[in-house]
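# Per-entry structural report
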Amino acid sequence: MNKCKLVLAALLALSVAGLTACASADHQESTGQYVDSSAVTVKVKAALLKDKKIKSLPITVNTYKNTVQLSGFVNTEAQKARAGSVASHVEGVQQVDNAIVVKSH
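Overview of the structure. (Residues numbered from 1 in each chain as written. Predicted model: local features only at pLDDT ≥ 70, side-chain atom pairs only at ≥ 80, totals over all residues. Heavy atoms only, no water.)

## Brief notes about the nonpolar core
Here is the rule: Working definition of a nonpolar core: buried Ala, Val, Leu, Ile, Met, Phe, Trp, Tyr and Cys residues. They are joined through side-chain atoms within 4.5 Å. The classification of residues rests on relative accessible area computed with a 1.4 Å probe and restricted to protein chains. Under 20% of the type maximum is buried, over 50% is exposed, and intermediate values are partly exposed. Secondary structure elements are taken from DSSP: a helix is a run of H or I of four residues or more, a strand is a run of E of two residues or more, and numbering for both begins at the N terminus. Residue contacts follow a heavy-atom distance rule, with two residues in contact if any of their heavy atoms lie within 4.5 Å.
Grouped together as the largest cluster of nonpolar side chains are 16 residues, with contacts concentrated most on V44, L48, I59, V68, L70 and A83. Going through the elements one at a time, helix 2 (31-50), strand 1 (59-64), strand 2 (67-74) and helix 3 (77-88) are the ones with two or more residues in this core. Ignoring anything within four residues of it in the chain, the contact list for L48 reads I54, K55, I59, V61, L70, A83 and V86.

## Some remarks on the pairing of strand 2
Basically, it comes down to this: Pairing between strands is defined by DSSP: at least two bridges between them are needed. Here a crossover is taken to be right-handed if, once the strands point away from the viewer, the path from the first strand over the helix to the second is traced clockwise.
Judged by which residues are buried, strand 2 turns out to be one-sided: V68, L70, G72 and V74 face inward and are buried, whereas T67, Q69, S71 and F73, on the alternate face, are not. In this structure, strand 1 lies alongside strand 2, joined through six bridges in antiparallel fashion. Residue pairing in the sheet places Y64 in a bridge with T67 of strand 2. In sequence, strand 1 turns back onto strand 2 through a hairpin of two residues, with K65 there showing a positive phi of about 50 degrees. Here strand 2 runs beside strand 3 (residues 95-98); their pairing, made up of four bridges, is parallel. For Q69, the partnering residue across the bridge sits in strand 3 and is D97. Taken together, strand 2, helix 3 and strand 3 constitute a β-α-β crossover, and its handedness is right-handed. Both strand 2 and strand 4 (residues 101-102) contribute to a ladder of two bridges, which runs parallel. Paired with F73 across the strands is V101, a residue of strand 4.

Spelled out as structure tokens, the structure:
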């Protein structure tokens, strides 16, 4: 039992040390910002999947400090615009970088 407590305490100490070492710089997110960005990414992906006009399209979503980047390929300019609009209306999104490419036929 004491060994378990010792191992648990050591793991906890390492976790706390790791979190305090994650100070935010302009080019990286803090731990809290990373968690927030991950939550925004999930919300945007869910919103895109709910939208019948774009749910089956291969769109990748990445979020960094509340800026969402969309990438992938769609068939029309309207689909690209729709994806950007859907993403921009998700709670927590401050800006959308719509890098989706419209396939040429």
